[in-house]
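# Reading the structure
Here's the letter readout for the chains.
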Amino acid sequence: MKSKTKVGELNGIPVLLKDSINTKDMLNSIAGSYALLGVENPYVDSGDPYGSSSGSAISVASNMVAVSLGTETNGSIICPADHNSVIGFKPTVGLTSRAGVIPISPRQDSVGRLPKLVRGDLPSPLSFRSAGDGTTVSDAVYVLDAIVGFDPRDSQAIEEASKFIPNGGYKQFFNKDGLTGKRLGVVRNPFSYFYNESTAILAFEAHLNTLRQRGAILVDNLEKENIDIIMDPNECGESTALLAELKLNINGYLRELTSSPVSFVSLQEKTDEYGQEVFMASEMTNGIGEEERTTMEMLAILSRDGFEKLMKENELDATVTLGPGMAPVLTIGGYPGITVRAGYDEDGMPFGICFGGLRGMEPKLIEVAYGFEQPTMIRRPPA
């Protein structure tokens, strides 16, 4: 009698996991203590692969795997995707389970995808081809559909975010006319300044024209309040809050491990040999005290009076920025973002366009990103 086990849409697709995601086998999850040693940008030897999920992005860009899952607390999906010419999709915090992921901050930790999948003619809507096929928005969405949903081990965040999951999943938002009528807020300051005198600026202007031609309504030169404070993790207090949350959450994580004798104290034992400055700084905090709660409340206010206000007052469907600079803005509020390839500068270094939205706005982001990607389809295989 044939098995009636349902075959998932990613059945048979090779998947790489970032080294902070646990697996139920003999593999060690060591959060990249030495995993990033010698990792290089596949396009430019001297280029920064940029972020703790850079290995996930590089493996995809280099055609080593079909799809990889990364994690982001502060830009670790958006940034390496941008710098390695792949699609990076960071969902609303809580939309995907963080259970089994080495934790830092429950406010900001998110599991996202950096896919390299190409739909084929097989019964499954996805097939893997190893020759220079690039990542696509639709591939990222298939992975999103596969990993969203309720998980009792991460119930608090997911219960709040699960209301955003649409009936029928996210792939229903593949729409080649998805830009038609969308109000997109172009935020240039300070993000475009990072590309002064670069050909990326000219490419960005050309892409804005493409968005207009495809039916989008661009609200240009928007200014986000408090952006200078948010872009400085020390000034806004984010660094302090993350260290306190790390101390609290890493201990809880270690207690739940079934086969590891490691404790938070033992992580600090070889500081001279390996250097554990972050752990030591975290241990010096008092966990979540009055100061840390005040900081978190301030971060929530910065998000409310900054990004949320910008989106709501201008009735935006998404923001548009050149490069990954919007990542800190998205992370502190748990907002979703997707970066799509936008080109390569005069040195061959990749850069992308980041679309950002409010919590639960994945459907609009998918329509916008897919609508932009279809007429452009920018990808240059790495040398």
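Keep in mind the model is a prediction, meaning the values are calculated, not measured.

Attention now goes to the overall build of the chain. The helix and strand inventory of the chain stands at 12 helices and nine strands. Out of the 383 residues in the chain, the part that is buried amounts to 54%. Put simply, 73% of the contacts in the chain that link residues at least 6 apart link residues at least 24 apart.

Within the secondary structure, L299 is located in helix α10 (residues 290-313). The class for L299 is buried, based on a relative accessible area of 1%.

Before going further, it helps to examine the packing of aromatic side chains. Counted under the stated rule, the structure contains five aromatic pairs. Taken together, the ring pairs connect Y142, F174 and Y370 into an aromatic cluster.

Here the chain averages 75 in pLDDT, and 62% of its residues register 70 or above. In this model, residues 32-38 is a region of pLDDT below 50 whose contacts with residues beyond four sequence positions or in other chains number six contacts. Contacts of residues 113-134 to residues separated by more than four positions or lying in other chains number 90 contacts, the stretch itself having pLDDT below 50.

Before going further, it helps to examine the pairing of strand β9 (residues 350-356). Along β9, seven of the seven residues are buried, which leaves the element largely enclosed by surrounding structure. Across the two faces of β9 the burial is the same, with P350, G352, C354 and G356 and F351, I353 and F355 all buried. The pairing of strand β7 (residues 318-322) with β9 spans four bridges and is antiparallel. The residue bridging T319 from the neighbouring strand is G356, located in β9. In this structure, strand β8 (residues 337-344) lies alongside β9, joined through seven bridges in antiparallel fashion. From the neighbouring strand, T339 faces β9, where its bridge partner is C354.

Looking now at unusual backbone geometry. With an omega dihedral of 0°, the bond running from N189 to P190 counts as a cis peptide bond. Relative to the helices and strands, P190 is located in the loop between β5 (183-186) and α5 (199-213). Phi at E197 takes a positive value of approximately 65°, unusual for a residue other than glycine. With respect to the helices and strands, E197 occurs in the loop between β5 and α5. In this structure, N221 takes a positive phi of about 55° despite not being glycine. Mapping N221 onto the fold places it in the loop between β6 (217-219) and α6 (227-230).

Further remarks concern the nonpolar core. Grouped together as the largest cluster of nonpolar side chains are 36 residues, with contacts concentrated most on L184, L211, I338 and F355. Element by element, the count of residues in this core is highest for helix α12 (residues 362-376), at six residues. Not counting chain neighbours up to four residues away, the residues in contact with F355 comprise T319, V320, P336, G337, I338, V340, L365, V368, A369 and F372.

The next subject is the pattern of salt bridges. Opposite charge on two side chains permits them to pair, given that their charged atoms come into close proximity. The full count for this structure, using the stated rule, is nine salt bridges. The salt bridge involving E225 is made with K309; its shortest N-O contact spans 2.7 Å. With E225 in the loop between β6 and α6 and K309 in helix α10, this residue pair connects regions lying 84 residues apart in the sequence. You can call E225 partly exposed: its relative accessible area is 37%. We note a salt bridge from K312 to E308, for which the minimum N-O separation is 3.8 Å. Here the residue K312 and the residue E308 both occupy positions in helix α10, the gap between them amounting to four residues, near one helical turn.

Cut-off values and rules
Residues numbered from 1 in each chain as written. Predicted model: local features only at pLDDT ≥ 70, side-chain atom pairs only at ≥ 80, totals over all residues. Heavy atoms only, no water. Helix = DSSP H or I, 4+ residues; strand = E, 2+ residues; numbered from the N terminus. Buried < 20%, exposed > 50% of the residue type's maximum accessible area, 1.4 Å probe, protein only. Contact = heavy atoms within 4.5 Å. Phe/Tyr/Trp six-rings, centres within 6.5 Å; stacked < 30°, edge-to-face > 60°. pLDDT = per-residue confidence, 0-100. Pairing = 2+ DSSP bridges. Core = buried A, V, L, I, M, F, W, Y, C linked by side-chain atoms within 4.5 Å. Salt bridge = Lys/Arg side-chain N within 4 Å of Asp/Glu carboxyl O.

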